[in-house]
Amino acid sequence: MFEAIVKAIAAHETIIIHRHSSPDGDALGSQVGLKHLILENYPGKTVYTVGDPAGRYAFMADTVMDTVPDEAYENALAIILDTSGKTLICDERYQLAPVTARIDHHLFIEQIAQLEAIDSTFESCCGLIAAMALESGWNMPQLAAQSLFTGMVTDSGRFRYDATNARTFRLASYLMEQPIDTNELYRNLYASDLEQVQLRAQFIQKIKLTDHGVAFIYTTREEMAALGADLFSISRGMVSVMSDIRGVDIWVNFTEAEQGVLCELRSSRSNINPVAVKYGGGGHMKASGATLKTKEEAMQMLDDLDKMAEEEK
């Protein structure tokens, strides 16, 4: 699966690594992990990482992105990671590169690059990068292992989600052959200050249910401004407050933002991805997202999810 991409890496002196905007641990972990794998195994190559700031994942090492001029792309290989659709890629200049590649674990929506390695059975893009390193016989530097392990942890929900399997643990074990301080990692990922705990409490109070048991939260721009929290912490961060309600198999978090209404869809058993795709989004069978134009459109999505819940009762 990785042969063509590995050959392209070997053939190019400049490699520029992209990922999706508003990065999570998997996007950053795969980006930084791949960068340091290339630097370790192909000395002398120039490797850049590009994209928007790391946000709450800024504790991860080497997540300050590079400033790259357009001319750097002239003879470069551009690699896009952890991204299912073109509109999600942070920094569209990947199109300037003569050769492009993509490594991704989301359900396939469209071809993005000339060379593609896509496998939605992997719990994370970091897992795919780890598998590529193992398959290729690459040396695994400590920083790459730490970055990839972080992404595996975050995208598997601490090895809880359905995509976690024996392969996941084999690859995690492979990464942990390098020294990784898991105590420090989990403190950075999951420790909450008092304000965060209080914020979660506010969102728990906002949970509503549709007629057929779909849980949802809707946050307006005015509410966002009053909360004083960053967009990622509300949109992606608060969807989990609905995840363990008995009798709720589908839940969605709607957050108004400058770019539209951000929708984070989740399910414990249903394939909610087709609903996300219908509204221009994508992702996984049980964890997808989309950006809608209006609240009315968001309510149409909620109605579709409610009909799905009714059919599956």
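Residues numbered from 1 in each chain as written. Predicted model: local features only at pLDDT ≥ 70, side-chain atom pairs only at ≥ 80, totals over all residues. Heavy atoms only, no water.

Overview of a negative patch on the surface
A cluster of acidic residues, Asp-211, Glu-310, Glu-311 and Glu-312, forms a negative patch on the protein surface. For Asp-211, the position within the fold is in the loop between β6 (208-209) and β7 (215-219). (Patch = residues over 30% accessible without salt bridge, like charges linked within 9 Å, V, L, I, M, F, W, Y side chains within 5 Å. Areas by Shrake-Rupley, 256 points an atom, 1.4 Å probe, with all protein chains shown as cover. Salt bridge = Lys/Arg side-chain N within 4 Å of Asp/Glu carboxyl O. Lys, Arg positive; Asp, Glu negative; His and termini not counted. Charge placed at Lys NZ, Arg CZ, Asp CG, Glu CD. Helix = DSSP H or I, 4+ residues; strand = E, 2+ residues; numbered from the N terminus.)

Considering the pattern of salt bridges
Under the criterion given, the structure shown has 17 salt bridges. With its nearest N and O atoms 2.6 Å apart, the salt bridge here joins Glu-184 to Arg-187. Highlighted residues: Glu-184 and Arg-187, both in helix α6 (residues 182-190), separated by 3 residues, approximately one helical turn. Across the salt bridge formed by Asp-303 and Lys-307, the nearest N and O atoms sit 3.3 Å from each other. Of this pair, Asp-303 and Lys-307 both sit in helix α11 (residues 295-311), 4 residues apart, which is roughly one turn of that helix. Classification of Asp-303 by relative accessible area gives partly exposed; the value is 35%. Residue class for Lys-307 comes out partly exposed when judged on its relative accessible area of 43%. One network of salt bridges, in which partners are shared, links Asp-24, Arg-236, Glu-264 and Arg-266. (Buried < 20%, exposed > 50% of the residue type's maximum accessible area, 1.4 Å probe, protein only.)

Topic: the packing of helix α4 (residues 142-155) against helix α5 (residues 166-175)
For the pair α4 and α5, the least separation of the axes is 9 Å and the interaxial angle reads 150 degrees. By the angle between their axes, α4 is roughly antiparallel relative to α5. Crossing of α4 over α5 shows left-handed handedness. In contact with Ala-145, Leu-148, Phe-149 and Met-152 of α4, α5 contributes Thr-168, Leu-171, Ala-172 and Leu-175. (Axes fitted to C-alpha atoms, helices over the stretch in contact; angles between N-to-C directions. Parallel < 35°, antiparallel > 145°, perpendicular 65-115°, else oblique. Left-handed = near helix turned anticlockwise from the far one by under 90°. Contact = heavy atoms within 4.5 Å.)

Describing the packing of aromatic side chains
Taken as a whole and assessed by the stated rule, the structure comprises 7 aromatic pairs. When the ring of Phe-159 is compared with that of Phe-169, the centres are 5.3 Å apart and the planes differ by 35 degrees; the resulting orientation is tilted. One end of the pair, Phe-159, is in the loop between α4 and α5; the other, Phe-169, is in helix α5, with 10 residues separating them in the sequence. Taken together through their ring pairs, the aromatic side chains of Tyr-57, Phe-59 and Phe-232 make up a single cluster. The ring of Tyr-57 has Arg-56 lying over it, and the distance from NZ or CZ to the ring centre is 4.8 Å. (Phe/Tyr/Trp six-rings, centres within 6.5 Å; stacked < 30°, edge-to-face > 60°. Lys NZ or Arg CZ within 6 Å of the ring centre and 35° of its normal.)

Overview of the packing of helix α3 (residues 125-136) against α5
The N-to-C vectors of α3 and α5 enclose an angle of 65 degrees; their axes lie 10 Å apart at closest approach. Judged on the interaxial angle alone, α5 and α3 are roughly perpendicular. Regarding α3 and α5, the two cross each other, and that crossing is left-handed. Contacts between α3 and α5 involve Gly-127, Ala-130, Ala-131, Ala-133 and Leu-134 on the former and, on the latter, Leu-171, Tyr-174 and Leu-175. Its residues assigned to classes, the contact of α3 with α5 comprises 7 nonpolar, 1 polar and no charged. (Nonpolar A, V, L, I, M, F, W, Y, C, P; charged D, E, K, R; others polar.)

Details of the environment of Tyr-73
Following the sequence through the fold, Tyr-73 ends up in the loop between β2 (46-49) and β3 (77-81). Classification of Tyr-73 by relative accessible area gives buried; the value is 0%. With sequence-adjacent residues up to four places away left out, Tyr-73 is seen in contact with Ile-16, His-18, Val-50, Val-68, Asp-91, Arg-93, Tyr-94, Leu-96, Ala-97 and Pro-98.

Observations concerning the side chain of Ser-147
Checked against the element boundaries, Ser-147 lands in helix α4. Classification of Ser-147 as buried rests on a relative accessible area of 4%.

So, the sheet that holds strand β1 (residues 14-19)
If you walk across this open sheet you meet the 5 strands as β2-β1-β3-β4-β5, and the pairing is parallel. Each of the sheet's edge strands pairs with one partner strand only, and the pair in question is β2 and β5 (115-118). Mean inter-strand twist for the sheet, computed between neighbouring axes without regard to direction, equals 15 degrees. Examined bridge by bridge, β3 and strand β4 (residues 99-104) share 5 bridges and lie parallel to one another. Looking at the pairing, Ile-80 lines up with Arg-102 of β4. (Pairing = 2+ DSSP bridges.)

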